[in-house]
Amino acid sequence: MQSGKWITLMLPFMVVVPIPVPQARMIVEFPQVQVQPGECAAKPEFVKPATTATELEARYIEQCLKLTNAERAKAGLAPLKINPTLSQSARWMAEDMAKNNYFDHIDSLGRGVGDRMKEFKYSYSLAGQNIAGGQTTPEEAIEDWLKSPGHRAIMLKPDFDEIGIAYLPAPGHKLKFIWVCDFGHRR
């Protein structure tokens, strides 16, 4: 490592960190960044966390939907469809729990699932929510919900036809991983 030759890498959800590079001239390209050795930000920049799912989160959400619908099929129920508004509501709830380090169906603003759905402009005749924390895979989350009579009843309620799912790695939260499923039936 030689001093004076640095490159700045910007990674999602990370702090931009100067990394030393060898003397050879090189250009590193990223989707919106081109940095040459010697060109370095004066101080680290902080990247705002994304409010949409990453690729892993998207795969976990899809798997959670498949597992939920498989359980509904076993019970002779119609499959749930992903609703983007419910997904936004679920994601907000997961982020709120992570940010404020709590685990509850009532959010930091004092709202239950129904009030939160209304604020997200989801007009419903029936609303429900399952939350889980600490499970590292969709299989673990679904298994734990199925063991709980209350959570199982929500998952298998025949009147629900839409769902919003959030999975959030939350390293600063006591549970490390947060799952939220918002269930609904529109008016």
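Just so it is clear, the model here is predicted, and its values are computed rather than measured.

Undergrad: Please clarify how the overall build of the protein chain should be interpreted in this entry.
TA: On a plain count of helices and strands, the protein chain comes out with five helices and eight strands. Starting at the N terminus, the α and β elements of the protein chain follow one another as β-β-β-β-α-β-α-α-β-α-α-β-β. With 187 residues in all, the protein chain has 37% of them scored as buried. Counting contacts in the protein chain only where the partners sit at least 6 residues apart, residues at least 24 apart contribute 63% of the total. Just so you have it, the protein chain exposes about 10,700 Å², and 58% of that area is on carbon and sulfur atoms.

Undergrad: Any chance you could explain the side chain of R111 here in plain terms?
TA: The topology assignment puts R111 in the loop between α2 (84-100) and α3 (113-119). Engagement of the side chain of R111 in a polar contact is seen with the side chain of D107, the distance being 2.8 Å. A polar contact is formed between the side chain of R111 and the side chain of E119, at a distance of 3.2 Å.

Undergrad: Any chance you could explain the pattern of salt bridges here in plain terms?
TA: Side chains that differ in sign of charge can pair as their charged atoms come close. By the definition in use, this model includes 10 salt bridges. In this structure, R111 and E119 form a salt bridge, with 3.2 Å as the shortest nitrogen-oxygen distance. For R111, a relative accessible area of 10% corresponds to the buried category. Assessed through its relative accessible area of 55%, E119 is described here as exposed. Residues E162 and R186 are paired through a salt bridge, measuring 2.5 Å at the closest nitrogen-oxygen approach. With a gap of 24 residues between them, E162 in strand β7 (residues 162-170) and R186 in strand β8 (residues 176-186) connect regions that are remote in the sequence. The class of E162 is buried, set by a relative accessible area of 11%. It is possible to trace a salt-bridge network through shared partners that takes in D107, R111, R116 and E119.

Undergrad: How should I be thinking about the sheet that holds β7 in this particular structure?
TA: Hydrogen bonding along the main chain pairs the strands of a sheet, whether they run parallel or antiparallel. The strand order across the open sheet built from four strands is β5-β7-β8-β6, with neighbouring strands paired in mixed fashion. The outermost strands of the open sheet, each flanked by one partner alone, are β5 (81-82) and β6 (124-133). Two elements, β6 and β8, share nine bridges in a ladder whose sense is antiparallel. The partner of A127 across the bridge, within β8, is G184.

Undergrad: Is there a simple way to think about the side chain of N83 in this case?
TA: Position of N83 relative to the elements: it lies in the loop between β5 and α2. Among the residues examined, N83 registers a relative accessible area of 4% and is labelled buried. Looking at N83, its side chain comes within polar contact range of the side chain of E162, at 3.3 Å. In contact with N83, other than residues within four places in its own chain, are Y122, E162, I163, G164 and R186.

Undergrad: I keep staring at helix α1 (residues 55-74) and nothing clicks. Help me out?
TA: Note that an α-helix has 3.6 residues per turn; residues three or four places apart therefore point the same way. Look at α1: 29 Å from first C-alpha to last across 20 residues, which is about the 28 Å you get at 1.5 Å a residue. Every buried residue of α1 is accounted for by E57, Y60, I61, C64, L65, T68, N69, E71 and R72. Buried positions in α1, seen along its axis, are confined to an arc of 165 degrees and lie on one side of it. The outward face of α1, more than 90 degrees from its buried face, is lined by the exposed residues E55, A73 and K74. Structurally, α1 contributes buried residues whose contacts are with β5, α2, α4 (138-147), α5 (149-155), β7 and β8. In the segment just after α1, G76 is the residue with positive phi, at about 75 degrees.

What counts, and where the lines are drawn
Here the residue numbering is sequential within each chain, running from 1 through the sequence in written order. In keeping with the model being predicted, local features are shown solely for residues with a pLDDT of at least 70 and side-chain atom pairs are shown and tallied solely at 80 or more, while totals for entire chains, interfaces and linings include all residues. Neither water nor hydrogens contribute to the side-chain values; these are computed over all heavy atoms in the structure. Secondary structure elements follow DSSP: runs of H or I no shorter than four residues count as helices, runs of E no shorter than two count as strands, and numbering proceeds from the N terminus. Relative accessibility decides the category of a residue: with a 1.4 Å probe and only protein chains considered, values under 20% of the type maximum give buried, values over 50% give exposed, and everything between is partly exposed. By definition, residues are in contact when any of their heavy atoms lie within 4.5 Å. Note on areas: these come from Shrake-Rupley sampling with a 1.4 Å probe, and a residue is covered only by the protein chains present in the view. Polar contact criterion, stated in full: a pair of N or O atoms within 3.5 Å, where within protein one must be able to donate a hydrogen and the other to accept it, and residues adjacent in sequence count only if both atoms are side-chain atoms. The rule for a salt bridge is simple: a side-chain nitrogen of Lys or Arg has to be within 4 Å of a carboxyl oxygen of Asp or Glu. Here, strands pair whenever DSSP counts at least two bridges between them. Helix span, expected: 1.5 Å multiplied by one less than the number of residues in the helix. Working note: the arc is built from the helix axis to C-beta atom directions.

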